[in-house]
Every structure is written in structure tokens, then in C-alpha cells.
Amino acid sequence: VQLVESGGGLVQPGGSLRLSCAVSGFTFSSYAMSWYRQAPGKERELVAHITSDGSSTNYADSVKGRFTISRDNAKSTVYLQMNSLKPEDTAVYYCNVHYHFNDYWGQGTQVTVSS
């Protein structure tokens, strides 16, 4: 199982970024996917979750209305569109899958929101 995130970077408050997570090693279309983030000195927190077919999504209250999770099962990729970014969104963002009783994580991608 391999998860590779990309798309992070430095953005000004109010800006946008789109994160991608390319997945391999399992049948992507059969599993729900999640995005988490971890800010310095804080615990890792769930940001967004999407079902295997993309029909249902859930978000942390702190990102509702600003972030959108989506997936392309043909490309084995999950996305996180982040709009209206705030300094408090600064964190390392990780994609996650719970597969065969284990949690798998990517290496993370840094998002920094600063003027």
C-alpha cells in the first residue's frame, strides 16, 4: 500500500490550494479515504472523509464550507480542494486509508498559510 500526497505549499490568507493523494497497492474504489492534518504541537485531526463511491462526505467543523474532498476512482486519486485558507489551516496534511485492519498514511504535504 502506498499513498503519495502532493500540492502543498505557501499561500496567502484567503487563497486556495488543491492537494492530491495518489494511491497504489489495493483496490482504491473499494475503500473510503480520509484527509488528516497535524499542526506543530497539536494532535493529528480528521479533516475530511469520503466513501468508496464518493457518494457521501464528512468534514471537520473548522473546514466546512471551505474544503471539498473528492476522488477519481479511475485514477486512484483522492483530492482536497481548500479555499478561503486561514493561518490556522497551517499544518502537514496526510491522506489515510483503513485497509485490512491497519491504517496507512502518506508522507504528508506541508501547507503554510501566511502573508
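Below: a short report on this structure. (Residues numbered from 1 in each chain as written. Predicted model: local features only at pLDDT ≥ 70, side-chain atom pairs only at ≥ 80, totals over all residues. Heavy atoms only, no water.)

If you trace the backbone, Ser20 turns up in strand S3 (residues 17–24). Residue classification places Ser20 among the buried residues on the basis of a relative accessible area of 17%. Apart from residues no more than four positions distant in its own chain, Ser20 is found in contact with Val4, Glu5, Ser6, Trp35, Thr77, Val78 and Tyr79. (Helix = DSSP H or I, 4+ residues; strand = E, 2+ residues; numbered from the N terminus. Buried < 20%, exposed > 50% of the residue type's maximum accessible area, 1.4 Å probe, protein only. Contact = heavy atoms within 4.5 Å.)

In this structure, Met33, Trp35, Val78, Leu80, Met82 and Tyr93 are the most contacted members of the largest nonpolar core, which totals 29 residues. For this core, the leading source of residues is strand S9 (residues 91–99), giving five residues. Leave out the neighbours within four places in its chain, and Val78 touches Leu19, Ser20, Cys21, Phe28, Met33, Trp35, Ile50, Ile69, Ser70, Arg71 and Cys95. (Core = buried A, V, L, I, M, F, W, Y, C linked by side-chain atoms within 4.5 Å.)

Working definition: the strands of a sheet are paired by backbone hydrogen bonds and lie parallel or antiparallel to each other. The four strands are arranged S1-S3-S8-S7 in an open sheet whose pairing can be described as antiparallel. Looking at strand neighbours, the two that pair on one side only are strand S1 (2–6) and strand S7 (67–72), the edges of this open sheet. Sheet twist, expressed as the average angle between the axes of neighbouring strands with direction ignored, equals 15 degrees. Across six bridges, the pairing between S7 and strand S8 (residues 77–82) is antiparallel. Bridge pairing in S8 links Asp72 to Thr77. (Pairing = 2+ DSSP bridges. Axes fitted to C-alpha atoms, helices over the stretch in contact; angles between N-to-C directions.)

Of all nine residues in S9, seven are buried, a share of seventy percent or more. Across five bridges, the pairing between strand S4 (residues 33–38) and S9 is antiparallel. Counted as the bridge partner of Gln38 is Val92 from S9. Where S9 and strand S10 (residues 102–105) come together, four bridges link them in antiparallel fashion. Counterpart to His98 in the pairing with S10 is Asp103.

Summarising the element assignment, Gly8 is placed in the loop between S1 and strand S2 (9–11). Since its relative accessible area comes to 33%, Gly8 is described here as partly exposed. Sequence separation of Gly8 and Asn83 is 75 residues, and the distance between their C-alpha atoms is 13 Å. Beyond its immediate sequence surroundings of up to four residues, Gly8 is in contact with Leu17, Leu19, Thr109, Gln110 and Val111.

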